[in-house]
Amino acid sequence: MSAPLWSEQKEGRFFTRIDVTTMLNGATLSVPLHVVTGAQAGPTFGIVTNTHGDEFLPTVAIREFLGALATAQLRGRLVVVPVANPMATAGFGRLTPEQHGRTDLHEVYPGNARGNTTQMIAAAITENVLHHVDALIDFHSGGSGGRLQARVDYNTSTPEDLKTRNLALARAFGAPFVHENEFAGAAAHYLNGRGIPAVNPEVGGSYLGPETTRYYTRAMIEGLKGIMGHLGMIEAVAKPRRQLQFDQKARREIRPKHSGYLVSYYEKAEELGQLIKGGTKLGEVVDIYSYKVLEELVAPFDGFLFFSRYSGVVGGGTQAFALAEAARSTWLD
Ligand SMILES: [Zn+2]
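Residues numbered from 1 in each chain as written. Predicted model: local features only at pLDDT ≥ 70, side-chain atom pairs only at ≥ 80, totals over all residues. Heavy atoms only, no water.

K.L.:
Looking at this structure, how should I read the coordination of the zinc ion?
P.N.:
For a metal bound by four donors in a tetrahedral arrangement, the ideal donor-metal-donor angle is 109.5 degrees, while six donors in an octahedral arrangement ideally sit at 90 or 180 degrees. Coordination of the zinc ion by the protein is provided by His52 (ND1), Glu55 (OE), Glu55 (OE) and His140 (ND1), with metal-donor distances spanning 2.1 to 2.3 Å. Around the zinc ion, the 4 donor atoms sit at angles spanning 56 to 147°, and that spread fits a shape best called irregular. Going along the chain, you hit the donors of the zinc ion in the pattern H-x2-E-x84-H. Of this pair, Glu55 sits in the loop between β3 (40-49) and α1 (57-68) while His140 sits in strand β5 (residues 135-142), and the two are 85 residues apart along the sequence. (Donors = N, O, S within 2.8 Å, 3.2 Å for Na, K, Ca; no water. Tetrahedral: all angles 85-135°; square planar, octahedral: opposite > 155°, others 65-115°. Helix = DSSP H or I, 4+ residues; strand = E, 2+ residues; numbered from the N terminus.)

K.L.:
Explanation requested: the nonpolar core in the structure shown.
P.N.:
Side chains of nonpolar character tend, in soluble globular proteins, to be buried together. In terms of nonpolar packing, the biggest core is built from 53 residues, with Phe45, Leu69, Leu78, Tyr216, Met228 and Phe321 touching the most fellow members. The biggest single contributor to this core is helix α6 (residues 210-230), with 6 residues. Shared between two domains, this core holds at least three residues of each, these being domain 1 (5-241) and domain 2 (249-327). Setting aside anything within four residues of it in sequence, one finds Tyr216 in contact with Leu57, Leu148, Gln149, Ala150, Val203, Gly204, Leu208, Ala269 and Leu272. In this structure, Ala84, Leu105, Ile121 and Leu191 belong to the second largest nonpolar core, which totals 30 residues. (Core = buried A, V, L, I, M, F, W, Y, C linked by side-chain atoms within 4.5 Å. Buried < 20%, exposed > 50% of the residue type's maximum accessible area, 1.4 Å probe, protein only. Domains from an automatic or database assignment. Contact = heavy atoms within 4.5 Å.)

K.L.:
Sorry, what's going on with the packing of α1 against α6 here?
P.N.:
Packed helices, taken two at a time, are described by the angle their axes make and the gap between the axes. Where α1 contacts α6, the axes come no closer than 9 Å and their chain directions differ by 60°. For the element pair α1 / α6, the angle class is oblique. Helix-helix and strand crossings are classified by hand; for α1 and α6 the assignment is right-handed. From α1, Leu57, Pro58, Ala61, Ile62, Glu64 and Phe65 reach across to α6, where they touch Thr213, Arg214, Tyr216, Thr217, Met220, Ile221, Leu224, Lys225 and Met228. Residues belonging to the contact of α1 with α6 are distributed by class as follows: 10 nonpolar, 2 polar and 3 charged. (Axes fitted to C-alpha atoms, helices over the stretch in contact; angles between N-to-C directions. Parallel < 35°, antiparallel > 145°, perpendicular 65-115°, else oblique. Left-handed = near helix turned anticlockwise from the far one by under 90°. Nonpolar A, V, L, I, M, F, W, Y, C, P; charged D, E, K, R; others polar.)

K.L.:
Is there a simple way to think about empty space enclosed by the protein in this case?
P.N.:
Sizing a probe to match a water molecule and rolling it over the atoms shows the empty space that remains. A full pass over the atoms with the stated rule returns 1 cavity of 30 Å³ or more. There is about 50 Å³ of room inside the largest cavity. Every residue lining the largest cavity is listed: Asp153, Tyr154, Asn155, Asn181, Glu182, Phe183, Ala188, His189, Asn192 and Asn200. Elements that contribute at least two residues to the lining of the largest cavity include exactly β6 (147-154) and α5 (187-193). Here the lining of the largest cavity takes 3 residues from α5, the largest share from any one element. Its residues assigned to classes, the lining of the largest cavity shows 3 nonpolar, 5 polar and 2 charged. (1 Å grid on protein atoms, 1.4 Å probe; cavity = no way out; pocket = protein on both sides within 12 Å on 5 of 7 lines; lining within 4 Å. Points joined across faces, edges and corners; volume = space filled by probe spheres on them.)

K.L.:
Is there a simple way to explain a nonpolar patch on the surface in this structure?
P.N.:
Among the surface-exposed residues, Tyr261, Ile288, Tyr289 and Val313 lie close enough to one another that they form a single nonpolar patch of about 480 Å² accessible area. Tracing the chain through its elements places Tyr261 in strand β11 (residues 260-264). The exposure class of Tyr261 is partly exposed, given its relative accessible area of 33%. (Patch = residues over 30% accessible without salt bridge, like charges linked within 9 Å, V, L, I, M, F, W, Y side chains within 5 Å. Areas by Shrake-Rupley, 256 points an atom, 1.4 Å probe, with all protein chains shown as cover. Salt bridge = Lys/Arg side-chain N within 4 Å of Asp/Glu carboxyl O.)

Shown next as structure tokens:
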């Protein structure tokens, strides 16, 4: 495994693009890469975002965070892929628009340099980033659906020692929820297989309006500081607050059966984390043709709201709300 071209960088900022392939419009598809090197030695922390092309908010928060970071005080190095799937992003979509299957970059790691385009992108990120980091976050967000959420997903199907390190990384981010989740084929999952701690924050969404955008941008910047303090790259920040941990069995998504206009009763980011009583009405779906109410969306049990969305059009089967069942969730102090 050869050292990447950025490994010789001295203190300061560096930006490059890693060429992947030629697209059908004739332009070169390349993966962008920021490297910020501190004055002092320390770990290499990788950040990948826009794995899903329409999840824009984290990269905006990362830009703000990097702009304010003083390299003179930084220990170690940040390696950041600000748009992991530029083709998906250019298409305003989640997946790579290409001819072949396996177009979700979140499912194809470590990739294949002679596979389809999505696999080629993964291979470039694996070779130039994943193989050289001591910890990683693959930063996700909501797409165009107006999501309200703030949690960190981590993989628990790992040896006990790594599970502890993954949980510590997830908690250092400081989101109100940590979710035991499993994504085979994800960058974090691949790194976990190599014994490296890596987790997936999932915060906010695109097109949320100014107040909520600011709220989540601030949460993401605090999360990055929390993780870097935990890794010893900057001064440690305050201990993470109380967080709710839940696994996939505790997770219940409330998905409308019908497409229509969702009238959401939970449209404030601050409302997440609330204990909702079973039977509470969360919203309703209205038919934009007949103007009838097609269905009411109701909490199936007592649970903590960890995912909500603004009112807006939804497709049948899309996530509208999600609850962590209270009886199966644990508070971490
Ligand atoms: Zn995503």
